[in-house]
Every structure is written in C-alpha cells, then in structure tokens.
Amino acid sequence: MKVLVVGGGGREHTICWKLRQSPKVDKLYCAPGNGGIAAIAECVPIKATDIEAIADFAEKEKIDLTVVAPDDPLVMGLVDLLESRGLRAFGPRANAAIIEGSKVFSKELMKKYGIPTAGYEVFDDPAKAIEHLRNGSFPAVIKAEGLALGKGVIIAQSFDEAEAAIHEMMENNKFGDAGKRVVIEEFLSGPEISVLAFTDGKTMRPMVSAQDHKRAYDNDQGLNTGGMGTFSPSRIYDEKMAEECMNNIFLPTMNAMNAEGRTFKGVLYFGLMSTKDGVKVIEYNCRFGDPETQVVLPRLEGDLLEIFEAIIDERLAEVDFGWSNTGCVCVVAASGGYPEKYESGKEITGIADAEALGDVTVFHAGTKLDGDKILTAGGRVLGITALAPTLDEAIARAYEGVKKVHFDKMHYRKDIGIKKY
Ligand code: AMP
Ligand code: GLY
C-alpha cells in the first residue's frame, strides 16, 4: 500500500516509524516531514495546513491511505476533503474534530452528558471576563477557545496576571481568532494522565497510559509548552482508575459524540486529572498526543496500519493487538528560549551515538537536513526515547541518550518521569 502521513513533528516521526514495521506498507510519504522522517519516508514539501494541496497530492499519487496526525488539518476538514474525492483517510471528520477545535464545544458536551470536568464560564467580552475574575479566586484558569499549539492556557496566580492574559488573548489577539472567546475554569489539582484511545464510534480501545510534562522547566516551573517529555505507563493509572475512566469518561464521550451526530473515528486523546473528587477531563484532543505518541507506540504489539484500516471500516473490535509490559520515556530536547523566542539552524550531533546505546530511538520534531548535516528547525527539536523492562530503567537509558546529543542552546528537563506520587 501507498501511505501518506500528514504532519512533520515527533509524533509523525513515531507514526511513520511504526507504520514502517507493517508488511503492508510498500511506499511511505510524509508531508511535510522533517530531517528524521526523511530517512524512513519520502518527504513531500507541502504544509499540513495546505489541505487542498495535500488532497491534490493524494489523488495524483493514488495514495491508498492518508493518515492525518495534527489537529489543524483535522479541524479544517482534511479527512472530509479526502473522502469527498473518494480517498481513504484516517482521522476524525471536522464535525468530530471540533471536540478539540472548540473548548466551548467540549465543555458544553461534557456538561450536557455529565462527563466529569472543571466548572467553567464562557466569555466573548473582555470587560465581562475581567469583572468575573475580579470577583473570583486564584489561581484562575483561562483558556483560549480555539487551537493555540498547546499554549493557549494560562494559570493566573493573581488578578493582575489574569487581567493581562485577557488583554493578550482577547484584545491583542495573541492566539488570533482562537482567543476571541475564552473559557474561565475552576482550578483543579492533582496528577495528570494522558490516555489515547482508538475508537471507531462503536468500540473504544484505550492505549497504555502516559504522562506529559507541559511546563518548560524542572519541577513544573515556567510556561506551558507543547510538551517537554513523557513516560508510559503513568505511575498512578491502575486498573481501578482505568475502569472508572472507561465507565465515566471514555464510553460516555463516544456515546455523546454519536448522540450529537458527530461520530468520532480516529484517536481520541483524554487529558485527565486525578482529583480528590475522582478523575476529571482537563481537555480532549482529536488526535495522537505529542510527545505521548513517542512513548505509547513503541509499546504497541500489533500492526498500526491494520488498526487504522479497521477504524475506518468500523471493525476495531476484531483487530488483534496488545501492549508490551515495559516502560518508555521520551525526553524532549528543545531550542533554548522555547516556548517563546528561540534560534534555529544549529547543527545537531550525536544522534547515532545515542541510538547506538541500544533501545534508544531519537524521534525528530523540529529538524531539517542540510546536505549530510541535521539542523534544528523548531522549538521542540528531538524526542530522545528509551524502551526498557521498567520505567526507572527507561528513564536512566533515555538520559544516557540525551548526554550524547548536542546542539547550541539545547534545553531539556532533567526530571522527566522522576516524580513519584
Ligand atoms: P490544556 O491545554 O487544556 O490541557 O491545558 C494545559 C495544562 O494546563 C494542563 O495540562 C494542566 O496542567 C493545566 N490546566 C488546564 N486546565 C486546568 C484546570 N482546570 N485546573 C488546573 N490546571 C489546569
Ligand atoms: N501533549 C499534549 C498534546 O499533544 O496536546
């Protein structure tokens, strides 16, 4: 089969790496791909958000399956567009991707169907939002309604901070149209867990759990980022919690989307928090998480292509796959300054040395090839990932890998996976 993966980050590198293990994949393309993906797939220089050009390419090359990995093209309707041209595509249609595309939609869905989440109010008038905050308690959670690269959430510790965030989002358009409406939420506390699940609208098959580290610096300091590192499994997500989530969150969400006429087919990502009142949903994503994918797919025992095909054909219940009883850790090497200003174009060395350690795979996020050199080309540059019999061994091995890799102003967290609740 000819397969096209849309996207160009660490998540897409991992998806391509796993698809390469499928005997059914003869030819693999990735648009736009990156410096690492280029070693295992043919990179096509089309932006993931240029959905017309992607559909044209898929049609021209007679692609058998297009896997749409990032949020923006899903929300923009790339899957619908491909289907309208008679092409097969993996991922939710736009009417289901809205579960991530609009925080107002997802909060209303959870309220309507009794799915546990933080209390909230929606504002489209900055003056009213500020008035609400003036009378509220802190920390306060302020979220831009739309897509903002995982950075549209501000946890304001004081009224001044909250007011500044409202001005930035609603008046200075920091996140463009995504910030025109905001959700102000009740602040919850507790450990976070990410559970990605395969679903075809009939069956829900959660993957192994993971935990992300969203803040830029050690001990969860600094700004929220797209994710600075992950590990799998979560240290707190046991069978009892999995059952609670299945009954109170996962199945109710699948059923709610069906009831709304928005059947979700693809990977549904549950961002969860284990609070004193039980597990609550912090966010939904309509796709594989990044960098969760980097620690979850290496544990998949099965053919990812077969799973994608089964989801499209609504026979997910029939596919045979499982998960290895291992630990997996991904440490993100970022450009110094990320998630704010950073420099690009720095030469990266040591990737082969890290991988030579064994059980270490370096997934590229923001890299590009320049002759035989690999240069940095983004905020999150690499995900140095280790798979080992236990989580603690995987952590040690991943950091051995990190020590081999160098580029100017490389920044990484030193505490990925370390915290024991
Ligand atoms: P989100 O993009 O919605 O996942 O939010 C990013 C991060 O902000 C989450 O991973 C949490 O760490 C934090 N966060 C979001 N909502 C809340 C909340 N209601 N209470 C506390 N922290 C939150
Ligand atoms: N790691 C969080 C996300 O993919 O949104």
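Refer to the structure printed above.
Residues numbered from 1 in each chain as written. Chains lettered and ligands numbered in written order. Predicted model: local features only at pLDDT ≥ 70, side-chain atom pairs only at ≥ 80, totals over all residues. Heavy atoms only, no water.

(A) Examining the nonpolar core more closely. The biggest cluster of nonpolar side chains holds 49 residues, and the ones touching the most others in it are L4, I99, F250, F270 and L272. In terms of residues, this core owes the most to one element, helix α9 (residues 239-259), which gives seven residues. In this structure, C30, A41, M207 and V319 belong to the second largest nonpolar core, which totals 42 residues. (Core = buried A, V, L, I, M, F, W, Y, C linked by side-chain atoms within 4.5 Å. Buried < 20%, exposed > 50% of the residue type's maximum accessible area, 1.4 Å probe, protein only. Helix = DSSP H or I, 4+ residues; strand = E, 2+ residues; numbered from the N terminus.)

(B) View of the sheet that holds strand β2 (residues 27-32). Spatially, five strands are ordered β3-β2-β1-β4-β5 in an open sheet, and the strand pairing comes out parallel. In the strand order of this sheet, the two ends are held by β3 (42-43) and β5 (89-90), each with one partner. Contacting β1 (2-7), β2 and β4 (65-68), helix α1 (residues 10-19) crosses the sheet at an angle of about 165 degrees to β1. (Pairing = 2+ DSSP bridges. Contact = heavy atoms within 4.5 Å. Axes fitted to C-alpha atoms, helices over the stretch in contact; angles between N-to-C directions.)

(C) Helix α13 (residues 391-404), seen in detail. Relative to the 20 Å expected for 14 residues at 1.5 Å per residue, α13 spans 20 Å between its end C-alpha atoms, a close match to the ideal helical length. In this structure, the buried residues of α13 make contact with β15 (229-232), β20 (327-335), α12 (351-356), β25 (380-388) and β26 (410-411). (Expected span 1.5 Å × (residues − 1).)

(D) Structural detail: the site of ligand 1. The full set close to ligand 1 counts 16 residues, and E185, E186, L188, E192 and E283 are the nearest of them. Between ligand 1 and the protein, one listed contact pairs a nitrogen atom with a backbone N or O atom of L188 at 2.8 Å. For ligand 1, the accessible surface in isolation is 460 Å², of which the surrounding protein chains cover 93%. Sorting the residues of the shell around ligand 1 by element identifies β7 (140-144), β8 (153-156) and β17 (278-285) as the ones contributing at least two each. Here the residues of the shell around ligand 1 sort into eight nonpolar, one polar and seven charged. (Near = heavy atom within 4 Å. Polar contact = N/O pair within 3.5 Å; in protein donor to acceptor, adjacent residues only side chain to side chain. Areas by Shrake-Rupley, 256 points an atom, 1.4 Å probe, with all protein chains shown as cover. Nonpolar A, V, L, I, M, F, W, Y, C, P; charged D, E, K, R; others polar.)

(E) Main features of the packing of aromatic side chains. Evaluated as defined, the whole model comprises 11 aromatic pairs. Both rings, one in W17 and one in F363, keep their centres 5.4 Å apart while their planes meet at 80 degrees; by these two values the pair is edge-to-face. Of the two residues, W17 sits in helix α1 while F363 sits in strand β22 (residues 360-364), which places them 346 residues apart along the sequence. Accessibility expressed as a relative area gives 24% for W17, which makes it partly exposed. Given a relative accessible area of 1%, F363 falls into the buried group. Aromatic pair Y399 and Y412: ring centres 6.2 Å apart, planes at 45 degrees, arrangement tilted. (Phe/Tyr/Trp six-rings, centres within 6.5 Å; stacked < 30°, edge-to-face > 60°.)

(F) View of the site of ligand 2. Taken together, D212, K214, G226, Y269, N285, R287, G289, D290, P291 and E292 make up the full set of residues adjacent to ligand 2. The contact in question runs from an oxygen atom of ligand 2 to an N or O atom on the side chain of R287, over 2.9 Å. D290 is positioned such that a nitrogen or oxygen atom in its backbone is 2.9 Å from an oxygen atom of ligand 2. Starting from 200 Å² of accessible surface for ligand 2 in isolation, the protein chains cover 91%. Tallied by class, the residues present in the shell around ligand 2 amount to two nonpolar, three polar and five charged.

(G) How the structure looks around the pattern of salt bridges. Scanning the model with the defined rule gives 34 salt bridges in all. In this structure, the salt-bridge partner of E61 is K60, at a minimum N-O distance of 3.5 Å. The partner of K103 in a salt bridge is E283, with the nearest N and O atoms 3.9 Å apart. Of the two residues, K103 is situated in helix α6 (residues 103-112) and E283 in strand β17; the sequence distance between them amounts to 180 residues. What emerges from the salt-bridge pattern is a single network uniting E52, D56, E59 and R85. (Salt bridge = Lys/Arg side-chain N within 4 Å of Asp/Glu carboxyl O.)

(H) Up close: the environment of K62. Within the secondary structure layout, K62 lies in the loop between α2 (51-60) and β4. Sequence spacing of K62 and K2 is 60 residues, and the spatial spacing of their C-alpha atoms is 7.7 Å.

(I) Representation of the packing of helix α7 (residues 126-134) against helix α8 (residues 159-171). Two elements in contact, α7 and α8, have axes separated by 10 Å at closest approach and are oriented at 165 degrees. In terms of their interaxial angle, α7 and α8 are classed as roughly antiparallel. You can see that α7 and α8 cross each other, and the crossing is right-handed. Between α7 and α8, the contacting residues are P126, A129, I130, L133 and R134 on the first element and F159, A162, E163, I166, H167, M170 and E171 on the second. In terms of residue class, the contact of α7 with α8 is made up of eight nonpolar, one polar and three charged. (Parallel < 35°, antiparallel > 145°, perpendicular 65-115°, else oblique. Left-handed = near helix turned anticlockwise from the far one by under 90°.)

Everything listed here is a matter of coordinates, which is why it stays silent on function.
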